[in-house]
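Structural characterization, general
Here is what each chain is made of, one letter per residue.
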Amino acid sequence: MLTFQAFPLGPLQTNAYVVVDSARTRAIVIDPGTADPALLRKVAGLKVEAILLTHAHFDHIGGVDELRAKWGCPVYLHPLEKDWLTDPAKNGSARWSDVTAPVKSGPPDHTLEDGQKLQLIGETFEVRHTPGHSPGSVSFVCGDLLFAGDALFRRSVGRTDLPGGHQDTLTKSIRGKLYSLPDDTLVLPGHGPETTIGEEKRENPYVPALS
């Protein structure tokens, strides 16, 4: 059985996730906002097979290059944001100079598409394109786990006032791509505590489930 651990990193406390296979030999990292020492210790001695990015805002990508260089692992990102890694103006770090220095890294090694199934660490990670917070936002489904990025939070949703954001698009993404999952699916968001699909369908004030 795979295990995971969340690491709230950086000035915005962005959740990076380390997901480890049942044999405790292989891992993937989702949204490394920084190359935090605790995260690096968690993957020390493991084969890091990939870095998966739910999107490319600066607070989700700050540790990409250090991890990629250290473990030689490929980076996956939706093509609508493939140039955001290299451009602080597009990933937002240039805009938020009071929060962060400019953030940039090399381009992704692979792009993602809706419905794609990635075979990593002996598991299947299904890609669901969930735009609205940003145009290339994706969520990853693995069994009963949903790595939702900044689409869906506990009792909240991702902001849509940044470039490329759109409220109606986000609502459609959540209802069509996330609320269609089983109610007991564990939602692991980009910020804040975990929740479940069933809880959010009942309690989320921003995107109530349609009856």
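Numbering of residues starts from 1 in every chain and runs along the sequence as written. In keeping with the predicted nature of the model, local features appear solely for residues at pLDDT of at least 70, side-chain atom pairs appear and are counted solely at 80 or more, and the whole-chain, interface and lining totals rest on all residues. To get the side-chain values, take all heavy atoms of the structure and skip hydrogens and water.

Re the environment of E199
Every helix listed is a DSSP run of H or I at least four residues long, and every strand listed is a run of E at least two residues long, numbered separately from the N terminus. Considering the arrangement of structural elements, one finds E199 in helix α5 (residues 197-203). Residue classification places E199 among the partly exposed positions, given a relative accessible area of 23%. A C-alpha to C-alpha distance of 33 Å links E199 and P37, two positions 162 residues apart in sequence. Among all residues touching E199, those that are not within four sequence positions of it are R155 and N204. The buried label goes to any residue with under 20% of its type's maximum accessible area, the exposed label to any with over 50%, and the partly exposed label to all in between, with areas taken from a 1.4 Å probe on protein chains only. Contact definition: two residues touch when any of their heavy atoms are within 4.5 Å.

Thoughts on the pairing of strand β10 (residues 145-149)
Counting buried residues in β10 gives five out of five residues, a clear majority hidden from the surface. What you see with β10 is no split at all: L145, F147 and G149 on one side and L146 and A148 on the other are buried throughout. Two strands make a pair as long as DSSP finds a minimum of two bridges between them. Counting the residues that bridge the hairpin from strand β9 (residues 138-142) to β10 gives two residues, and of these G143 lies at a positive phi of roughly 60 degrees. Across four bridges, β10 lies against strand β13 (residues 186-189) in parallel orientation. Among the inter-strand pairings, L145 is bridged to a residue of β13, identified as L186.

These results come straight from atomic positions and should not be treated as a statement about function.
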